[in-house]
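Given next are the chains, with one letter for each unit.
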Amino acid sequence: MSVPTRSILPATALALVLAALAPAPARSAAQPFEAPHTFPVGAGVSDPRSLLAADLDGDGRLDLVAGDRNGDDARVTVLRNTGGGSFGPPLGGPVDPGVTGTGAGAIAAGDLNGDGHPDVLAALDSGTGVHDQLVLLAGDGTGHLSVPGPPITTRADVSGVALADLDGDGALDALTSHRTATTTDQLAVLPGSGGGVLALDSSYGAGTTTLATGLATAQLDGAGGPDALVISAGPSGGTAWVATGAGALSTTLSAAAVPVPVGSDPVAVVVADVDGDGDQDGLVLDGTDPTLTLLRNDGAGLLTPATIAVPGLGQGSGLATGDLDGDGAADVVVTDALGSRAAVLTGDGEGGFAAPQWLPMGPAARAPVVADLTGDGVADLATADAVGDTISVRRGTGVPVAHGAVAGAFGAQPVTSTGEAHTITVTNTGQARLAVAAVATTGAAADDFLVTGDDCTGATVAAGGNDACIVRVRFAPSAQGTRTAALRLRSAGGATLLDVALTGTGTATGAPATATTDPTTTTSSAAATPAPATPAATTPARVPTPPAKAKPKPKRLVLTLSRTKLAAAPGARVRVGYALGRAAKLVLRVKHAGRTVDLVRVSGREGRGTLTWDGRLGPTAAPAGTYRLDVFAVAADGHAARASTTLVLHR
């Protein structure tokens, strides 16, 4: 049978391992970033008000898209990511939506016309209610945007736009928020057909709220389709309210929920699970007071507000969430237009946040974006600079710091035998996630340490020291004396992430202290024949004692394999024929790329026999390639033998 290649410790055991073995996390409030890099939004183009990240050209790198007010002559800027978080000049000039007398405000990205390429939906807002419309900018997969049709009518005074599949038909629908005094016009729904067609269908409001300033979409009530979280700044004070989706092929929303209070001047809203309970919570930024409002969600859409102070905030102008320090908890970024800077508030995963770390950005920074713009797995930060007419990018420079701890010492082990599994716990106390692509033993005696359980390959270990992955290793020395190796973790690019030292001592092979009966074999014994009774009256004749026979010298154990090269298809059973000079325990080691990937153990009888490997590594078929099969034989008297053959798995 195959040795499983993946294993997971129970949660309680993992907690004990982390507490006992992992280094104490050194959580730092300051997250490392490069100095800001600035990129113009276009010659003669000014006042970027919104910003998003999306891969418009399909190259696997996130591009930046900005909505520019541009003196009521709207433009949309596309900055193509050229690699490493650098951006080329604006594509298309930038793009002219074709509507005069209004500026570009909120933007959203998604495949609205069903061609497989991201499109951009831009909200045009004049500030007077005139020419307030939506414009679909169709993406062609190269980063270029074009205007395929006329503007799309929605309610007046557009303040926000979002995309979601409200009815579950596979086509994105649009939702817009509106800074209007009409309560029932604060949230509009424009169902999508999947062909790029959006049409105003209905609008909503809650209670007596007015002047909606933004919205975010997510599953908030645990039922039906996506919901909308809307913020309003009516004369009675700032509020947040939920419009719940029905799902089931319906774009109808319900705004029956009671609004909850937030700051008096709500300017931005986002959703994220900030307390780790699996429900999406809300965060609302105030534009006047230096505060955030956390809206804890009970899972049914009932929101409980709590105020979070943001010392030093002069004029709140934007809000975003993301995992900036790699610990798996949501962090918050707010922008301060007055101070031309951004603040990072690291989250603890339970709804608490550290004091803000202020970072200089461009003039009148707003609309922050948290995304991996460099492709290195570390979150970066970008802002739209309304006065600077630029996009500022700060590349995150956090790195993972891996630690490995072996539970117990491998100690002494007889040659050709295999010891108990030892757990190696890998943790990360850095400021970025640790992505492990491969695990293998390396060093002088790499083949003596067998990886028999691997939860790390393909795993990502969060920073902060509270997460871990597990590798199990057994010691099977092939020679006497000190045997050393290392367990090496590598990244997807082949870089070494961590070497964990492995040391054991091989001892002479001897008869086992305790015998273990193999269930596949049987043991038979003959009872001793009793001596005949001596007649009572007869004196026995003296019989000379024969000289003791010399103990025969144990025979050398002979092991041969029937073939020196084997071939099979991936996943097929592989049979290895052998001949044994006498009975012995057999171990088949399957090695690939210098690493033992499987073990097979049987009891072999004198003569010819067959070892069978199932051709699988855990639940999956062994991949094509060249393998080495090492067969070890150990007789009861301690004599051992070894033979090898090559196996090629080909499709």
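Residues numbered from 1 in each chain as written. Predicted model: local features only at pLDDT ≥ 70, side-chain atom pairs only at ≥ 80, totals over all residues. Heavy atoms only, no water.

K.L.:
Outline the overall build of the protein chain, listing residues and values.
P.N.:
Per the secondary structure count, the protein chain includes one helix and 51 strands. Put simply, the protein chain has 651 residues, and 51% of those count as buried. Long-range contacts, defined here as pairs at least 24 residues apart, represent 55% of the contacts in the protein chain between residues at least 6 apart. (Helix = DSSP H or I, 4+ residues; strand = E, 2+ residues; numbered from the N terminus. Buried < 20%, exposed > 50% of the residue type's maximum accessible area, 1.4 Å probe, protein only. Contact = heavy atoms within 4.5 Å.)

K.L.:
Kindly report on the state of the cysteines, identifying the contributing residues and their values.
P.N.:
With the rule as written, the count across this model stands at one disulfide. At a sulfur-sulfur separation of 2.0 Å, the disulfide partner of C456 is C469. Across the S-S bond linking C456 and C469, the dihedral sits near 95°, which makes this disulfide right-handed. Here C469 lies in strand β39 (residues 468–475) and C456 lies in the loop between β37 (449–454) and β38 (460–461), a separation of 13 residues in the sequence. Like C456, the residue C469 is buried in the burial classification. (Disulfide = S-S within 2.5 Å.)

K.L.:
So what about the environment of G419? Which residues, and what values?
P.N.:
Checked against the element boundaries, G419 lands in the loop between β33 (412–414) and β34 (422–428). Taking the C-alpha atoms as reference points, G419 and P477, 58 residues apart in sequence, are found 9.1 Å from one another. Residue contacts for G419: discarding those within four places in its chain leaves Q413, R474 and F475.

K.L.:
Go over the pattern of salt bridges with me, naming the residues and quoting the values.
P.N.:
It is possible for side chains of opposite charge to pair when their charged atoms get near one another. Using the criterion set out here, one finds 19 salt bridges in the structure. Salt-bridge contacts for D59 lead to R80; the nearest nitrogen and oxygen are separated by 3.9 Å. In this pair, D59 is assigned in the loop between β2 (48–54) and β3 (63–68) and R80 in the loop between β4 (75–79) and β5 (81–83), connecting sequence segments 21 residues apart. For D59, a relative accessible area of 27% puts it in the partly exposed group. One salt-bridge network, held together by shared partners, links D57, D59, R61 and R80. (Salt bridge = Lys/Arg side-chain N within 4 Å of Asp/Glu carboxyl O.)

K.L.:
Give a detailed account of the packing of aromatic side chains, specifying residues and quantitative values.
P.N.:
Going through the model one piece at a time under the given rule, you end up with five aromatic pairs. With a centroid separation of 5.3 Å and an interplanar angle of 75°, the aromatic rings of F410 and F449 are classed as edge-to-face. With F410 in the loop between β32 (402–406) and β33 and F449 in strand β37, this residue pair connects regions lying 39 residues apart in the sequence. Take F410: its relative accessible area is 9%, and that puts it in the buried class. Feature note: the residues F410, F449 and F475 constitute an aromatic cluster, connected by ring pairs. Positioned above the aromatic ring of W358 is the side chain of R341, whose terminal nitrogen or guanidinium carbon lies 3.9 Å from the ring centre. (Phe/Tyr/Trp six-rings, centres within 6.5 Å; stacked < 30°, edge-to-face > 60°. Lys NZ or Arg CZ within 6 Å of the ring centre and 35° of its normal.)

K.L.:
Requested: an account of the sheet that holds β4, with residues and values cited.
P.N.:
One open sheet accounts for three strands, arranged β2-β3-β4; its pairing is antiparallel. Whereas interior strands pair on both sides, the edge strands pair on one side only; in this sheet they are β2 and β4. Within this sheet the neighbouring strands show an average axis-to-axis angle of 20°, counted without direction. Inspection of the sheet shows β2 paired to β3 by six bridges, in the antiparallel sense. When the bridges of β3 are listed, A54 appears paired with D63. (Pairing = 2+ DSSP bridges. Axes fitted to C-alpha atoms, helices over the stretch in contact; angles between N-to-C directions.)

K.L.:
Please give an account of the nonpolar core that cites residues and values.
P.N.:
Judged by nonpolar contacts, the single largest core of 28 residues is most densely connected at L559, V574, L580, L588, W613, L629 and L647. Put simply, the parts of the chain that give this core at least two residues each are β42 (559–561), β43 (565–568), β44 (574–580), β45 (584–592), β46 (595–604), β47 (607–613), β50 (625–634) and β51 (640–649). Those residues in contact with L580, other than ones at most four positions away along the chain, are L557, V558, L559, L586, G604, R605, E606, G607 and A633. Judged by nonpolar contacts, the second largest core, of 22 residues, contains V426, V451, L489 and L498. (Core = buried A, V, L, I, M, F, W, Y, C linked by side-chain atoms within 4.5 Å.)

K.L.:
Explain the sheet that holds β39 to me, and be specific about the residues and the numbers.
P.N.:
Read across the open sheet, the four strands follow the order β32-β34-β39-β37; overall the sheet is antiparallel. Because the sheet does not close on itself, it has two edges, and the strands there are β32 and β37. Taken pair by pair, the neighbouring strands of this sheet meet at an average axis angle of 30°, ignoring direction.

K.L.:
Residue-level account of the environment of T645, with values.
P.N.:
Within the element layout of this structure, T645 appears in strand β51. On the accessibility criterion, T645 (2% relative accessible area) is buried. When the C-alpha positions of T645 and D630 are compared, they lie 6.7 Å apart, and in sequence the two are 15 residues distant.

K.L.:
Describe in detail the pairing of β34, supporting the description with residues and values.
P.N.:
Within β34, seven of the seven residues are buried, which leaves the element mostly enclosed by the surrounding structure. Residues H422, I424, V426 and N428 point to one face of β34 and T423, T425 and T427 to the other, with burial holding for every one of them. In terms of strand pairing, β34 meets β39 through six bridges, oriented antiparallel. Residue pairing across strands places T423 opposite R472, the latter belonging to β39.

The quantities given are spatial measurements derived from coordinates; they are silent on function.
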